[in-house]
Every structure is written in structure tokens, then in C-alpha cells.
Amino acid sequence: MIRKPIFAANWKMNKGPSETEDFAKSLLSKVQNRTFPCDIVIAPPFVSLTKAAEILGNVSSITLAAQNCSQFDSGAYTGEISAMMLKEFFIHYVIIGHSERRSIFGETDEVINAKIRKAREVNLKPIFCIGETLEEREGGRLEKVLRTQVSEGLKGLSERDLLDTVIAYEPVWAIGTGVTATAEQAQDTHAFVRSLVAEQFGADSAAKIRIQYGGSVKPGNAAELMACPDIDGALIGGASLEPQSFLDIIEKGAP
Ligand code: PGA
């Protein structure tokens, strides 16, 4: 297998430390002494990372992610958390450029690129999110939108930094809506995104980079989506909030 699939739970603004403790203990009891043919990542809110690390920190199959980081190093940026600070939390990954960050918090491709570079400076692995709105897809602008997001977001990365980045393709119209892209739509778009990476970084890197699908992934659709050749795992929101449902997705979707 050239690319190891990666299943990541994006909890968004859900679960403080006490709910995180319940989830982590329950997940621990289900995964202890098991090995998985994939990477498993959990992204709790910042304030719950310590609790998650306390309980899951020694489970080799699970790593933790933050949901965002600052594009700055330190200083007068009230409310922000730097990539360097996240390194102290046993964190390996950081979600960057989620569509909610883009649409609600106004993050531009330029800011997202700066955040990806900051994450790489301290060796955090970005989960770099891209995706089109329904209006963009129906208006025939899918390829243009993704081309801009990929080329601007990954601008200036070395090959090593690129390969430590995971791309998460998440059609905005499928996020939290219960509407999933069909396996065919998802595969076609993933293949297109991989071709964009090939244009920018060469065919070899494009063949190696992992591209997750996200948007209403559930136990019931995971197997079909994950069977697509260019889909290398999932970024899961709503269905990752219950340990069993998250695990069901992994079990159905992992090779
Ligand atoms: P969803 O969210 O699985 O609830 O659609 C996915 C995401 O936003 O990462």
C-alpha cells in the first residue's frame, strides 16, 4: 500500500474536558491492544487536548490534532494559539483551512498558506482542507476554485513538507448536511486534486500525498467512499462524536 489511510475526528466546538474524558475512556477500552492498518487522529477543542493526551497519549494507533493554529509566532494576538505552543501537547496534526474557518472567520488562501508554513516550521502535519460550495459546483467553477485553493494553499512548500501534509477534500455542501458526494463524484474530484498536486510538485509527490474525503461520512457510506482509489481516509465531523460510530467508520473504511 503506497498511501496509509488516515481517519480524523473533527469535533469542532464540541466536548469540553469532561466529555472528552468520557469519549477517550470509551475509545480506549475499544482499541486497546489492537492494531489498525490506518492512522487514527482525534481533533478536540484546544482546552480538551490535555485531557485527551492524558488518556490516549500512550495508544500508538491514535494521535491528536488541533483544529487551528495561528499564522504568527507569538506576541499581541489576543485569542490565538501558536503552532509552537501546540507542540507541547503531544500533538502531531493540525487542521488548517476548514471551510468554517474560511467562511465564518474570513480565512483567505494566503492566511491558510501562512498557517501551513508555520505548522511545518515546528514539524506539525497540516490537514489542509479544500472544497467548493454548491453554487460553485453548479456554476461550473469547481475546477477553478480547487485549483486556486491548492496552488495558493500549498505555495512554497518543499517536497518533504508537502508529503507531511494531508489534503482533506470536503465539498462545503456535504458538510453537516447529511448529503454526501456520491462515490463517483468524490473519486473524480480526488483524482482532479491529485492532478493539481502533480502539476505543482510532480507525479511522484502526487502519487504519495494522502487525500481524505470529508462531508457527512457515516458508518453507512464509509466503505463505498473509501474503496475509491484516490480516497485515502476521511475527515469526520458529526459521526465522530460517538466512539462507536467513529470506530465503525474506521472498520468499514480501512483496507
Ligand atoms: P461532517 O463534518 O462529517 O459533520 O459533515 C465534516 C467536517 O466538517 O470536517
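Model, not experiment: these values are computed from the prediction.

Rules behind the numbers
Residues numbered from 1 in each chain as written. Predicted model: local features only at pLDDT ≥ 70, side-chain atom pairs only at ≥ 80, totals over all residues. Heavy atoms only, no water. Buried < 20%, exposed > 50% of the residue type's maximum accessible area, 1.4 Å probe, protein only. Helix = DSSP H or I, 4+ residues; strand = E, 2+ residues; numbered from the N terminus. Pairing = 2+ DSSP bridges. Axes fitted to C-alpha atoms, helices over the stretch in contact; angles between N-to-C directions. Contact = heavy atoms within 4.5 Å. Polar contact = N/O pair within 3.5 Å; in protein donor to acceptor, adjacent residues only side chain to side chain. Parallel < 35°, antiparallel > 145°, perpendicular 65-115°, else oblique. Left-handed = near helix turned anticlockwise from the far one by under 90°. Nonpolar A, V, L, I, M, F, W, Y, C, P; charged D, E, K, R; others polar.

A. Focus on the pairing of strand S4 (residues 91-96). Buried residues dominate S4, accounting for five of its six residues. Examined bridge by bridge, strand S3 (residues 62-66) and S4 share three bridges and lie parallel to one another. Bridge assignment links Ala 66 to a residue of S4, and that residue is Val 94.

B. Representation of the sheet that holds strand S7 (residues 210-214) within the structure. Taken in spatial order, the eight strands close into a barrel running S1-S2-S3-S4-S5-S6-S7-S8, and their pairing is parallel. Each strand axis lies, on average, 25° off the axis of its neighbour in the sheet, ignoring direction. Bridge count between S4 and strand S5 (residues 125-130): four bridges; the pairing is parallel. Note on S5: the bridge partner recorded for Ile 95 is Ile 127. Running over the sheet, helix H12 (residues 243-253) touches strand S1 (6-10), strand S2 (39-43) and strand S8 (233-236) and is turned about 160° from S1.

C. Inspection of the side chain of Glu 132 at higher detail. By the element assignment, Glu 132 lies in the loop between S5 and helix H6 (134-138). A polar atom in the side chain of Glu 132 sits 2.8 Å from the side chain of Tyr 169. Setting aside residues up to four positions removed in sequence, Glu 132 forms contacts with Arg 137, Leu 142, Val 145, Leu 146, Tyr 169, Glu 170, Pro 171, Val 172 and Trp 173.

D. Structural detail: the packing of helix H7 (residues 142-153) against helix H9 (residues 183-201). Interaxial distance between H7 and H9 falls to 10 Å at its minimum, and their mutual angle equals 45°. Overall, the two elements H7 and H9 adopt an arrangement that is oblique. In this structure, the crossing between H7 and H9 has a hand that is right-handed. Side by side, H7 and H9 meet where Leu 142, Glu 143, Leu 146, Arg 147, Val 150 and Ser 151 of the first sit next to Thr 189, Phe 192, Val 193, Leu 196, Val 197, Glu 199 and Gln 200 of the second. Class assignment of the residues belonging to the contact of H7 with H9 gives a composition of seven nonpolar, three polar and three charged.

E. Structural detail: unusual backbone geometry. Within the chain, Lys 12 stands out as a residue other than glycine whose phi angle is a positive 55°. Structurally, Lys 12 is set in the loop between S1 and helix H1 (17-31). For Lys 12, a relative accessible area of 21% puts it in the partly exposed group. One non-glycine residue, Lys 15, lies in positive phi territory at about 75°. With respect to the secondary-structure elements, Lys 15 resides in the loop between S1 and H1. On the basis of relative accessible area, Lys 15 is assigned to the buried category, the value being 14%.

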